[in-house]
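The residues making up each chain are set out below.
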Amino acid sequence: MRFPRASGPKLLDVIDRYVTPATQGVGRYLHLLHGNFARDDESERTPFLQSLSAAAREITDEELGILLESEWRSRLTAAWLIGFDRREHFRGVLGDLLLASQLCFAGQGYCIALARFGADEDAQHLTAYLDRYLRRPDCQYDQHWAISALLHIDSRTGSEYAARFLAPGGLWHQWNEAQYKPSPPSRFIDELCALAAEDAVEGSKSAPQEGA
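This one's a predicted model, so the numbers in the text were calculated from it and none came from an experiment. (Residues numbered from 1 in each chain as written. Predicted model: local features only at pLDDT ≥ 70, side-chain atom pairs only at ≥ 80, totals over all residues. Heavy atoms only, no water.)

K.L.:
Explain helix α6 (residues 91-100) to me, please; I cannot follow it from the model alone.
P.N.:
Along α6, the residues that are buried comprise Arg91, Leu94, Gly95, Leu97 and Leu98. All buried residues of α6 fall inside an arc of 165° around its axis, so they share one side. Taken together, the buried residues of α6 touch α4 (61-68), α5 (72-84), α7 (106-117) and α8 (120-133). Note on α6: the residue one or two positions beyond its end, Ser101, has a positive phi of about 45°. (Buried < 20%, exposed > 50% of the residue type's maximum accessible area, 1.4 Å probe, protein only. Helix = DSSP H or I, 4+ residues; strand = E, 2+ residues; numbered from the N terminus. Arc of directions from axis to C-beta. Contact = heavy atoms within 4.5 Å.)

Here it is, written out as structure tokens:
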């Protein structure tokens with residue numbers, strides 16, 4: 001795993017350009033953490049999403065790979081950028097990183113990216129994660145993000161991947177009831193994906209047209 005050090009100028013450069021740029025005085029990764037940007041006023045959220053969308057189109061696969069080998073802020077940001085630009089060739093990498101759950105918070109980004117891809121393969125990565133970590137009541141990782149992402153895919157495709165986890169007495173309820181503050185599954189990723197899709201539509205309208 002790479003960590004930002006003075007001896008890694010390439011890593012530091014990528015972090016400076018994509019992870020820590022500030023909007024409204026707050027670094028990009030902090031806007032992405034917990035989906036914080038969704039709670040901003042539209043006047044603040046719009047420039048952030050425009051900046052994120054531009055960065056998602058601009059960053060190279062090599063730079064994304066560098067960030068995915070770094071610390072949690074870089075991984076979280078890279079995953080959001082991958083999801084925003086729907087770079088589905090990263091699907092397997094993100095699925096493996098999600099299942100490994102090596103770093104805090106980064107899994108949020110993996111879940112949002114898989115939700116944005118929205119295919120059966122993505123649902124399978126999420127179910128593999130839930131099958132493992134819902135059996136671990138001692139682990140409060142990204143279970144809420146994973147079930148929300150799975151519910152989002154189900155709603156888009158008509159699948160029922162989440163049903164067996166949410167059945168009475170199922171793994172979700174067993175894990176949730178063992179937590180200090182149990183809470184029901186939420187569909188918050190629907191809102192995050194809707195904001196991403198809305199920004200993509202606005203971006204396509206404002207992009208220069210070929211031959212214009």
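K.L.:
How do you make sense of the confidence of the model for the protein chain when you look at a structure like this?
P.N.:
Should pLDDT be low for a region, the predicted coordinates there are not to be read in detail. Per-residue pLDDT for the protein chain averages 90, and the proportion of residues at 70 or more is 90%. Within the model, the stretch residues 1-7 combines pLDDT values under 50 with 20 contacts to residues more than four positions away or in other chains. In this model, residues 204-212 is a region of pLDDT below 50 whose contacts with residues beyond four sequence positions or in other chains number one contact. (pLDDT = per-residue confidence, 0-100.)

K.L.:
What am I meant to see in the pattern of salt bridges here?
P.N.:
Oppositely charged side chains can form a pair if their charged atoms are brought close together. A full pass over the atoms with the stated rule returns twelve salt bridges. Here Arg87 ties to Asp61 by a salt bridge, and the two come within 2.8 Å at their closest N and O atoms. Of this pair, Arg87 sits in the loop between α5 and α6 while Asp61 sits in helix α4; the two residues are 26 residues apart in sequence, bridging distant segments of the chain. A relative accessible area of 10% places Arg87 in the buried class. Taking relative accessible area as the criterion, Asp61 reaches 36% and is therefore assigned partly exposed. Residue Glu71 is joined to Arg73 by a salt bridge in which the shortest nitrogen-to-oxygen separation is 3.3 Å. Take Glu71: its relative accessible area is 10%, and that puts it in the buried class. One connected set of salt bridges, linked through shared partners, spans Asp13, Arg17 and Glu63. (Salt bridge = Lys/Arg side-chain N within 4 Å of Asp/Glu carboxyl O.)

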